[in-house]
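# An overview of the molecular structure
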4 protein chains.
Amino acid sequence: MPTIDHRGPEFRKLALDVFAKLKPVFGAEHVIVYPSSGTGAWEAAIVNCLEPGDRVLMFETGHFATLWQTMAKRLGIEVDFVPGDWRRGVDPALVEQKLREDTDHAIKAVMVVHNETSTGVTSRIPLVRKAIDAAGHPALLLVDTISSLASVPYEHDEWGVDVTVSGSQKGLMLPPGLGFNAISNKALKIAEQGGMRRSYWDWHEMLAANAKGFTHYTPATNLLYGLREALDMLQEEGMDNVFKRHARHGEATRRAVRAWGLEILCEVPEEYSPVLTAAIMPEGHDADELRAIILDRFDMSLGAGLTKLAGKVFRIGHLGSFNDLSLMGTLAGVEMGLGIAGIPHNKGGVDAAMRYLEETAG
Amino acid sequence: MPTIDHRGPEFRKLALDVFAKLKPVFGAEHVIVYPSSGTGAWEAAIVNCLEPGDRVLMFETGHFATLWQTMAKRLGIEVDFVPGDWRRGVDPALVEQKLREDTDHAIKAVMVVHNETSTGVTSRIPLVRKAIDAAGHPALLLVDTISSLASVPYEHDEWGVDVTVSGSQKGLMLPPGLGFNAISNKALKIAEQGGMRRSYWDWHEMLAANAKGFTHYTPATNLLYGLREALDMLQEEGMDNVFKRHARHGEATRRAVRAWGLEILCEVPEEYSPVLTAAIMPEGHDADELRAIILDRFDMSLGAGLTKLAGKVFRIGHLGSFNDLSLMGTLAGVEMGLGIAGIPHNKGGVDAAMRYLEETAG
Amino acid sequence: MPTIDHRGPEFRKLALDVFAKLKPVFGAEHVIVYPSSGTGAWEAAIVNCLEPGDRVLMFETGHFATLWQTMAKRLGIEVDFVPGDWRRGVDPALVEQKLREDTDHAIKAVMVVHNETSTGVTSRIPLVRKAIDAAGHPALLLVDTISSLASVPYEHDEWGVDVTVSGSQKGLMLPPGLGFNAISNKALKIAEQGGMRRSYWDWHEMLAANAKGFTHYTPATNLLYGLREALDMLQEEGMDNVFKRHARHGEATRRAVRAWGLEILCEVPEEYSPVLTAAIMPEGHDADELRAIILDRFDMSLGAGLTKLAGKVFRIGHLGSFNDLSLMGTLAGVEMGLGIAGIPHNKGGVDAAMRYLEETAG
Amino acid sequence: MPTIDHRGPEFRKLALDVFAKLKPVFGAEHVIVYPSSGTGAWEAAIVNCLEPGDRVLMFETGHFATLWQTMAKRLGIEVDFVPGDWRRGVDPALVEQKLREDTDHAIKAVMVVHNETSTGVTSRIPLVRKAIDAAGHPALLLVDTISSLASVPYEHDEWGVDVTVSGSQKGLMLPPGLGFNAISNKALKIAEQGGMRRSYWDWHEMLAANAKGFTHYTPATNLLYGLREALDMLQEEGMDNVFKRHARHGEATRRAVRAWGLEILCEVPEEYSPVLTAAIMPEGHDADELRAIILDRFDMSLGAGLTKLAGKVFRIGHLGSFNDLSLMGTLAGVEMGLGIAGIPHNKGGVDAAMRYLEETAG
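Rules behind the numbers
- Residues numbered from 1 in each chain as written.
- Chains lettered and ligands numbered in written order.
- Predicted model: local features only at pLDDT ≥ 70, side-chain atom pairs only at ≥ 80, totals over all residues.
- Heavy atoms only, no water.
- UniProt positions renumbered as here; feature names shortened; annotations may be inferred.
- Helix = DSSP H or I, 4+ residues; strand = E, 2+ residues; numbered from the N terminus.
- Rg over C-alpha atoms; globule rule 2.2 N^0.38 Å.
- Lys, Arg positive; Asp, Glu negative; His and termini not counted.
- Charge placed at Lys NZ, Arg CZ, Asp CG, Glu CD.
- Contact = heavy atoms within 4.5 Å.
- Buried area = accessible area lost by both parts, 1.4 Å probe.
- Salt bridge = Lys/Arg side-chain N within 4 Å of Asp/Glu carboxyl O.
- Polar contact = N/O pair within 3.5 Å; in protein donor to acceptor, adjacent residues only side chain to side chain.
- Nonpolar A, V, L, I, M, F, W, Y, C, P; charged D, E, K, R; others polar.
- Least-squares fit on C-alpha atoms with pLDDT ≥ 70 in both.
- Pairing = 2+ DSSP bridges.
- Axes fitted to C-alpha atoms, helices over the stretch in contact; angles between N-to-C directions.
- Domains from an automatic or database assignment.
- pLDDT = per-residue confidence, 0-100.
- Buried < 20%, exposed > 50% of the residue type's maximum accessible area, 1.4 Å probe, protein only.
- Expected span 1.5 Å × (residues − 1).
- Phe/Tyr/Trp six-rings, centres within 6.5 Å; stacked < 30°, edge-to-face > 60°.

What UniProt records for chain A under Sequence similarities (unreviewed entry) is the sentence "Belongs to the class-V pyridoxal-phosphate-dependent aminotransferase family." UniProt's Cofactor (unreviewed entry) comment on chain A is quoted here verbatim: "pyridoxal 5'-phosphate".

Set out below in structure tokens:
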């Protein structure tokens, strides 16, 4: 595909089409596309509506929440980072309590990772919103959906999210290279008068240009073509069907993990991630050795435990264009790997998953 | 990939490279590439070394043997077509007996399908050769390897085959469009003075041109590029490893079929095909209904029973670039399909296959 | 693009679509697609409606007519091959005279190459047909359009052609690998009772299968996909526009050749080929040296003089997806090459072509 | 190409390879790759070594210098923006004078666009460096090479540049999506203690991660593959040959423009851009009408005059993988367009360019 002129009419048509098709995926009226990684989209969210010295409330739900916290600090934000054990999502009751205590409204934003790829735990955004409202607190709600968008149900406007951060490389099945911000009117208004000094990430210039089908700097045109195709594919399958497919594969995977006698990292059933499941290794066994064996024998790469979970868990992904049979192949690879690696486990995980998929096959 | 000039030096280099790399795959000194289907390669074998009115000996091992017989008749050959039940390969004892009875050597060729895709049965070519020799008969041995080449061990020269017929679309993992003939010196000599009137399929012009890196008509250049790449991939994996991989997947598949309580169509263990397995449906159940359910629920297309096996068997392929996990996915699809379709069967097929793959992984 | 099952419904849809879209390109009711080179399509034409010992009338218009004659002879046909100087097409008056002399109708066919790639001369098929009719002779008219189809106006049915032979690699802009026969009802009837022993090339089995969207052997599926796309592109541009484009480029090229003071090989203006122009080198200068210089300096490969024209002419192609500016680049390459090679010539060829293209730009 | 795991060994190998091959292209020891547009790379340069309130010296050489100035202001920088007529590069004498006047060294950086795509003028970076040194001034030298890198000779370290800004979409022949910073040790040291609050664009984290073959956020992996290929292609052709090719095409283009009797926008021969040439329209004629005609008739898109040159110039690009014949096609399109549009001009531009290319063909 030759690179097209990003000032010409063909690009304009492509851009307007893509912007329109992105809205239902986020459930949002305003969506911005950056040539950047998802991390860049985080930075965009922060610099547009927060200022150095602002306080924000965050929760240690896993590796990516920790990274976001580091970025916020580097940009001069004071982060109230509630520690966590990486086995559960954001606690709405704690959100409400923290905000009630903040009687002078020093906290400007609550920042949450929707789906923690490092743990397989999903935070319940509508409950977080309800908690903020119950506290009668004006804080903005910023949500990272990098690993959940287009895989897990999400409604930016309806759920009252102020900034949704996302990227191209997970549920949209594209290479990395595009970052997204969906933005509420409240956040837009705050950004108009506030935020940090900024140029590349500035929302208002982008929205003004996008409305006309342009961008105020050279866009990653080839990824935009891919994005249009991905959005068409999602629309064709139907977003609800996509969500059901992932949820069903999540349940099948958890049945396999339980049948093997392994523990699921996520402790709250309502927070099980539909896009990946992390399983805890039996005491005294190294997850990385298991992963190496499975890679070597079956050419399959499982997700590693990150930082404080290193060696302690392995992660089974079930996102993207997965189908029932590729999931069965994946689980078979894990079950055979457990056997070869000599990890204590029960057989029958593949069988359990297969029974469930058979019963629920549509 | 732009189409290159087939009279230029770049094509010459490609062609010589491809011709050289084809030899070890056939185990043959002389290999010809036609722009044609595999059926064209059959016709080439016949018109180069047989004449109208010649008698040949063939065996009804399945659908493709039957098609080859039809073609031979249309080209004026008298075919002694030994009937069969599609559950076993060519019987070497019968070959010897038939040839011994042909005391005046009216039979000019024995024509065998190496691997019957319609049945999952492989005929043992070395034993057929031995039978011809034991009978002291000068008949040529013509072998169709369209579905076995580069998947099942094969040695044209060493096994004393006179013409090996093949195509691009199975073990070479290419689109259809190339036909092959590997040729013995004996067959070449017969073709020099005999065979039918021919031009397109004529061996000698082809060999003369090929030796210089040319072809005497426009070749399917883009397929030749693909062929070079496929040959390089086979060489990198190692032919022996390719053969072992298919044989291992065949055994795993048969273990699954047996665990389900279904009968394997092939009755002779020494003749099990390493590239596909046909399973017989229980009396009163239609294989095509099962196949339709599996296609609908799991987006997987199993091979149908052809002509006289229609509705009675389904075929599980394990050729091409298959790995352990895609085989597990395939078998899971069958097992779940059997359940959904209400076919009487035992669970445990996937498990049995998985145990075998686990034990032999490495 | 993965290879699809050629017995499934998706292939059926593709095949029926392709067969329907081919008809207007040939201007024919019956068109057959072979997995073969164009040479294979020649053989198909011969074996379906001629028998060994049949006489045919052919004309030495160039290299490809000569090759076709060789093939016919090898298939047992007696060829009345009228010699020629490669500078003009088939002479209709001579056709009429030869056929009038053949009072007992021993001549079964007149075989003509529509566009001779080796010379840049196009034979006028409607005049040849008229000559046959004027002689009141029942001979079939067989035409090779391998290098003219979809580039030069052609009407199989309307012009009374009996068999049109073609291939995928020129005007259809595909890789080589597909051969075509368009067939009149008269030829079909003759083939029913006559022709040579045949299987692969047999028209009736093909037509019967094609009518249902199948082929009676494995087709070159990937080329069929490409063919559908090529046919859609032709339809979108409009066949008449395609023809005009080539004709206009032909005229521009000839103006350049004349301005350089070189002679055009084709001596009959009504027979100028719209797809290529052959220019004669000045006495004492070698065309292959010029071609080598142009390849080396400008990375452009001109067509060589074939057999009896070797070293004496170079050929400038203007077919496929050429536009005005790529033609100007081509002619500039030739003009600069003539200068560098020290070939006596006048400057101004590029200019002359440019004036013409400017005047006629639409 | 499937997206690879950016935490795995395969990515590590790719990244280290790319980083190593980028160094000679910039002539720099430290090069950073961002998932961003070129504009993002500008922002990176500013936020790493300048602070709000800092003064910088810039020159209005064209559209992109103006944009860079706007960005700097938005980030809080005070810009001393020397007005210009868009027909010449940065005046080294003026640089020296301005810096000499800045006796208290308030100016922290001189920011220059190497090649102005909007004008076809190249600023002479070594002379700018000399001017800074002559003034004995410590200002950093920041250079935008977005449209010149890998097309025009450039030596970051040798020329004493402090930050070189670039992007993937011009001389590297890739889609947009990667931004680059090459960095001097002096700039690195300043960034260590200074610069603005930043996270995404921070040099030190990037360099630390890159040194190990990682990036501290998800990289645009697929563009990195393309980048490696582009760097290999440049290396194979040889950077000097690439530079010569562009310079030669620039000279040929200017000869055509002069032969047409049009004025070249760039007034300083030493500053002619080797990658594009802007030609001034005769008074009373609209460049955009000419461009529309050329696009319509010849499907060729010329560059428009931007902002203050709108309608007054058209731009002929000669960068990327252009060869002699595509340049001839381009110039022919312009010459024919001038005729069709009725713009007063002399014929002979194509001829003049052709003579030059012929004489200098190697």
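Still more ground to cover, so stick around.
Below, the discussion takes up the overall build of chain A. When you go through chain A residue by residue, the secondary structure sums to 12 helices and 13 strands. Computed over its C-alpha atoms, the radius of gyration of chain A comes to 21 Å, within 12% of the 21 Å expected for a compact globule of 362 residues. Along the first, second and third principal axes, the C-alpha atoms of chain A reach 60 × 55 × 35 Å. Mean positive and mean negative side-chain charge positions of chain A (36 and 47 charges, respectively) differ by 2 Å.

With that out of the way, let us pick up the interface of chain A and chain D. In this complex, chain A contributes 32 residues to the contact, which on the side of chain D involves 31 residues. Buried surface at the junction of chain A and chain D, summed over both partners, amounts to about 2,700 Å²; 57% is from carbon and sulfur atoms. A:Asp202 serves as the salt-bridge partner of D:Arg74, at 3.3 Å between the closest nitrogen and oxygen. Taken together, the links from chain A to chain D amount to eight residue pairs in polar contact (both at pLDDT 80 or more). Looking at side-chain class alone, the side of chain A that touches chain D contains 13 nonpolar, 12 polar and seven charged residues.

Attention shifts here to the relation of the copies chain A and chain B. One chain copy maps onto the other through a rotation about an axis and a shift parallel to that axis. Structural alignment of chain A on chain B gives an RMSD of 0.1 Å, achieved by rotating through 180° and translating 0.0 Å along the axis. What the rotation and shift describe, once combined, is the action of a two-fold rotation axis. Residue A:Gly329 of chain A places its C-alpha closer to the rotation axis than any other residue of that unit, at 2.2 Å. By residue overlap, the copies meet face to face through one surface: 100% of the interface positions of chain A are interface positions in chain B.

Before going further, it helps to spend a moment on the sheet that holds strand E13 (residues 313-317) of chain B. In any sheet, the strands associate via hydrogen bonds between backbone groups, in a parallel or an antiparallel arrangement. Residues and elements named next belong to chain B. Reading across from one edge, E10-E11-E13-E12 is the order of the four strands in this open sheet, with antiparallel pairing throughout. Of all the strands in the sheet, the pair left with one neighbour each is strand E10 (263-264) and strand E12 (303-304). Here E12 runs beside E13; their pairing, made up of two bridges, is antiparallel. For Ala304, the partnering residue across the bridge sits in E13 and is Phe314. Relative to E13, helix H10 (residues 287-298) is tilted by about 45°, and along the sheet it contacts E12 and E13.

Our next topic: the interface of chain A and chain B. The interface of chain A with chain B comprises 22 residues on the first partner and 22 residues on the second. Taking both partners together, chain A and chain B bury about 1,900 Å²; carbon and sulfur atoms supply 70% of that area. Ranking the residues of chain A by area buried against chain B places A:Leu325, A:Met336 and A:Glu358 at the top, with a combined share of 31%. In this structure, the connection of chain A to chain B is made through four salt bridges.

Attention now moves to the domain arrangement of chain A. All names here are of chain A. Here chain A is described as being made up of domain 1 (9-237) and domain 2 (239-360). Taking only C-alpha atoms, the centre of domain 1 and the centre of domain 2 are 29 Å apart. The interface is formed by 29 residues belonging to domain 1 together with 29 residues belonging to domain 2. Summed over both partners, the interface of domain 1 with domain 2 buries about 2,500 Å², with 57% contributed by carbon and sulfur atoms. The three residues of domain 1 that bury the most area against domain 2 are Trp86, Arg87 and Glu237, which together make up 29% of that side's buried surface. Linking domain 1 to domain 2 there are six salt bridges. The partner of Arg124 in a salt bridge is Glu271, with the nearest N and O atoms 2.9 Å apart. For the side of domain 1 that touches domain 2, the secondary structure elements donating two or more residues are helix H3 (63-74), strand E5 (115-116), strand E6 (121-122) and helix H8 (221-237). Among the residues forming the side of domain 1 that touches domain 2, the class breakdown is nine nonpolar, 12 polar and eight charged.

Turning to the relation of the copies chain A and chain D, a few remarks are in order. Screw-axis analysis of chain A against chain D gives a translation of 0.0 Å along the axis, an RMSD of 0.1 Å, and a rotation angle of 180°. A share of 97% of the interface residues of chain A reappears at the interface of chain D, consistent with the copies meeting face to face through the same patch.

This part is about the confidence of the model for chain A. Taken as a whole, chain A shows an average pLDDT of 94; of its residues, 98% reach a score of 70 or greater. Across the interfaces of the predicted complex, the ipTM metric reaches 0.92, alongside a pTM of 0.91.

Residue and element names in this part refer to chain A. Mapped onto this structure's residue numbering, the UniProt feature "modified residue: N6-(pyridoxal phosphate)lysine" (unreviewed entry) falls at Lys170. Within the secondary structure, Lys170 is located in the loop between strand E8 (163-167) and strand E9 (178-183). With relative accessibility at 28%, the residue Lys170 sits in the partly exposed group. When neighbours within four sequence positions are excluded, Lys170 is seen to be in contact with Thr117, Ile146, Ser147 and Leu319.

Residue and element names in this part refer to chain C. Here helix H11 (residues 324-341) contains 18 residues, and its C-alpha end-to-end distance of 26 Å stays within 8% of the 26 Å for a straight helix at 1.5 Å per residue. Counted residue by residue, H11 has 14 buried out of 18 residues, so it is predominantly covered. Sitting at the head of H11, Asn323 places a side-chain oxygen 3.1 Å from the backbone nitrogen of Leu325. After H11 finishes, the residue Gly342 shows a positive phi value of roughly 70°.

As a further point, take helix H12 (residues 349-360) of chain D. Three or four residues apart is the spacing at which side chains of an α-helix point the same way, because the helix has 3.6 residues per turn. Given a rise of 1.5 Å per residue, 12 residues ought to cover 16 Å, and the 17 Å separating the end C-alpha atoms of H12(D) matches this to within 8%. Three or more residues of H12(D) are buried, namely D:Gly349, D:Val350, D:Asp351, D:Ala353, D:Met354, D:Tyr356, D:Leu357 and D:Glu358. In this structure, the buried side of H12(D) is in contact with H11 and helix H12 (349-360) of chain C together with helix H9 (239-259) and helix H11 (324-341) of chain D.

What follows deals with unusual backbone geometry. Residues and elements named next belong to chain C. Notably, Trp86 is not glycine yet its phi reads approximately 65°, a positive angle. Looking at Trp86, the relative accessible area reads 3%, which means it is buried. Notably, Asp299 is not glycine yet its phi reads approximately 55°, a positive angle. Inspection of the secondary structure puts Asp299 in the loop between helix H10 (287-298) and strand E12 (303-304).

This next bit is on the pattern of salt bridges. Per the counting criterion, the structure on display carries 108 salt bridges over all chains. Notably, a salt bridge pairs A:Arg255 with A:Glu251, separated by 2.9 Å at the nearest N-O pair. Linking A:Arg255 with A:Glu251, this pair stays in helix H9 (residues 239-259), spanning four residues, or about one helical turn. A salt bridge links D:Arg129 to D:Asp162; the nearest nitrogen and oxygen atoms lie 3.6 Å apart. In this pair, D:Arg129 is assigned in helix H5 (residues 125-134) and D:Asp162 in the loop between strand E7 (140-144) and strand E8 (163-167), connecting sequence segments 33 residues apart. Each member of the salt-bridge network shares a partner with another, and the members are A:Glu335, A:Lys347, B:Asp351, B:Arg355 and B:Glu358.

For the coordinates displayed, the defined rule picks out 26 aromatic pairs over all chains. Aromatic pair A:Tyr34 and A:Trp201: ring centres 5.1 Å apart, planes at 70°, arrangement edge-to-face. Placement of A:Tyr34 in strand E1 (residues 30-35) and of A:Trp201 in the loop between helix H6 (185-193) and helix H7 (203-211) is noted, with a sequence separation of 167 residues between them. With respect to class, A:Tyr34 is no different from A:Trp201; both count as buried. Through a chain of ring-to-ring contacts, the aromatic side chains of A:Tyr34, A:Tyr200, A:Trp201, D:Tyr34, D:Tyr200 and D:Trp201 assemble into a single cluster.

Residue and element names in this part refer to chain A. Strand order in the open sheet formed by seven strands is E1-E9-E8-E7-E4-E2-E3, with mixed pairing between adjacent strands. The open sheet terminates on both sides in strands that have one partner only, identified here as E1 and strand E3 (78-82). Within the sheet, the average angular offset between the axes of one strand and its neighbour, ignoring direction, is 20°. The pairing of strand E2 (residues 55-59) with E3 spans five bridges and is parallel. Bridge assignment links Met58 to a residue of E3, and that residue is Phe81. Each of strand E4 (107-113) and strand E7 (140-144) is contacted by helix H5 (residues 125-134), which is oriented at about 165° to E7, the strand it contacts most.

A word on the side chain of A:His345. Residues and elements named next belong to chain A. Positionally, His345 belongs in the loop between helix H11 (324-341) and helix H12 (349-360). A polar contact is formed between the side chain of His345 and the backbone oxygen of Ile343, at a distance of 2.7 Å. For His345, the side chain forms a polar contact with the side chain of Lys347, separated by 3.3 Å. In contact with His345, other than residues within four places in its own chain, are Trp260, Glu335, Leu338 and Gly339.

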